[in-house]
Amino acid sequence: MNKGFMVVFDGSNGAGKTTVIKSIEKYLTLKGLDVLLTREPGGTPIGEKIREVILEPSTPEMSFMTELMLFGAGRAQHIQEKIIPALAQGKIVISDRFDAATFSFQHFARGIDLETITKINDLALDGFSPNMNIILDLDPSEGLKRVHSRGEGLDRLEDEKSEFLVKARNGYLKQAEQSPHKFEVIDASQSKEAVLEDVIKVIDSLLSSFHASSHDNHA
Ligand SMILES: Nc1ncnc2c1ncn2[C@@H]1O[C@H](COP(=O)(O)OP(=O)(O)O)[C@@H](O)[C@H]1O
Ligand SMILES: [Mg+2]
């Protein structure tokens, strides 16, 4: 059976995730592939309600542990309700953020210990793991400039001080160093066209390895 695979786009706010995801959706759809776009926090009706609670700017008092567990709760629902069924149907699942963001923001930036994060995340994942994380790497202050020019207000996490956002960015780079087979880092300071070109190289190589392995399964 031709099983699907899952690619996550992650990185600082304003790095260009939404922009590149739209182009990649078009790219894959034109190839005749079945694409499911999703996001975290969110992705399901329950997850979107949790997203509102997590990102609500009027409640800065949320404890770090509450935040971590809300992300975990949303992820558990996301995987069971949406991701696993889509992959079973052979879809390519593209998520705007996933568990790498939890390590970046809750561990590297907030400072919750790695063991606690891993424990909650493992409970949420229940053995699942996305096939690839594409990190759009950008100085978060550049990302914020882009977000401002998008004309939107900041959510509770975007509204953190710049030191926090720099730690989160470095957290993505550290994860990529530690798990090179699960991460690709792309220089998001380039033009939209150049970023897309780099992303397409990664996607093409994933497509050929997945086609090769599904071919092997038939052999
Ligand atoms: N490579 C790029 N160079 C310059 N501006 C960009 C680039 N990619 C995206 N943008 C612009 O920056 C803003 C934020 O991009 P977006 O895709 O919404 O980022 P994210 O989803 O990562 O927060 C948008 O206005 C978008 O048009
Ligand atoms: Mg976005």
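Structure: above.
To start, this report covers the structure provided alongside it. In this text, all values refer to a predicted model and were calculated from it rather than measured experimentally.

1. Regarding helix H7 (residues 162-178)
In an α-helix, one turn spans 3.6 residues, which is why side chains three or four residues apart end up on the same side. Helix length check: H7 (17 residues) gives 24 Å between terminal C-alpha atoms against 24 Å at 1.5 Å per residue, within 8%. Considered for burial, the residues of H7 that qualify are Leu165, Ala168, Arg169, Gly171, Tyr172 and Gln175. Summarising the axial view, the buried residues of H7 lie within an arc of 145°, below the 170-degree limit, and thus occupy one face. Turned more than 90 degrees away from the buried face of H7, the exposed residues are Ser162, Glu163, Glu177 and Gln178. Check the buried side of H7 and you find it contacts strand E1 (5-11), helix H4 (99-109), strand E4 (132-137), helix H6 (140-149) and strand E5 (183-187).

2. Observations regarding the sheet that holds E4
The strand order across the open sheet built from five strands is E2-E3-E1-E4-E5, with neighbouring strands paired in parallel fashion. In this open sheet, the two strands that pair with only one neighbour each are strand E2 (35-39) and E5. Averaged over all pairs of adjacent strands, the angle between strand axes in this sheet comes to 20°, irrespective of strand direction. Across five bridges, E1 lies against strand E3 (residues 92-96) in parallel orientation. In the sheet register, Phe9 faces E3, and the bridge partner there is Asp96. Docked against the sheet, helix H1 (residues 17-30) engages E1, E2, E3 and E4, running at close to 170° with respect to E3.

3. Notes on the packing of helix H3 (residues 64-88) against H4
Two packed helices can be described by the angle between their axes and the distance between those axes. Put simply, H3 and H4 touch, their axes get as near as 11 Å, and they point 175° apart. Put simply, H3 runs roughly antiparallel to H4. Here Phe64, Glu67, Leu68, Phe71 and Arg75 of H3 come into contact with H4, specifically with Asp99, Thr102 and Gln106. For the contact of H3 with H4, the per-class residue count stands at three nonpolar, two polar and three charged.

4. As for the site of ligand 1
Close to ligand 1 lie 16 residues, the nearest being Gly16, Lys17, Thr18, Thr19 and Arg146. Elements supplying a minimum of two residues to the shell around ligand 1: H1, H6 and helix H8 (192-218). Of the residues in the shell around ligand 1, the class split is four nonpolar, eight polar and four charged.

5. Some details on the pairing of E3
Burial runs high along E3: four of the five residues are buried. Sheet topology note: the E2/E3 ladder contains five bridges and is parallel. In the sheet register, Leu37 faces E3, and the bridge partner there is Ile94.

Cut-offs and rules
- Residues numbered from 1 in each chain as written.
- Chains lettered and ligands numbered in written order.
- Predicted model: local features only at pLDDT ≥ 70, side-chain atom pairs only at ≥ 80, totals over all residues.
- Helix = DSSP H or I, 4+ residues; strand = E, 2+ residues; numbered from the N terminus.
- Expected span 1.5 Å × (residues − 1).
- Buried ≥ 20, exposed ≤ 12 C-beta atoms within 10 Å, placed from the backbone.
- Arc of directions from axis to C-beta.
- Contact = placed C-beta atoms within 7 Å.
- Pairing = 2+ DSSP bridges.
- Axes fitted to C-alpha atoms, helices over the stretch in contact; angles between N-to-C directions.
- Parallel < 35°, antiparallel > 145°, perpendicular 65-115°, else oblique.
- Nonpolar A, V, L, I, M, F, W, Y, C, P; charged D, E, K, R; others polar.
- Near = placed C-beta within 6 Å.

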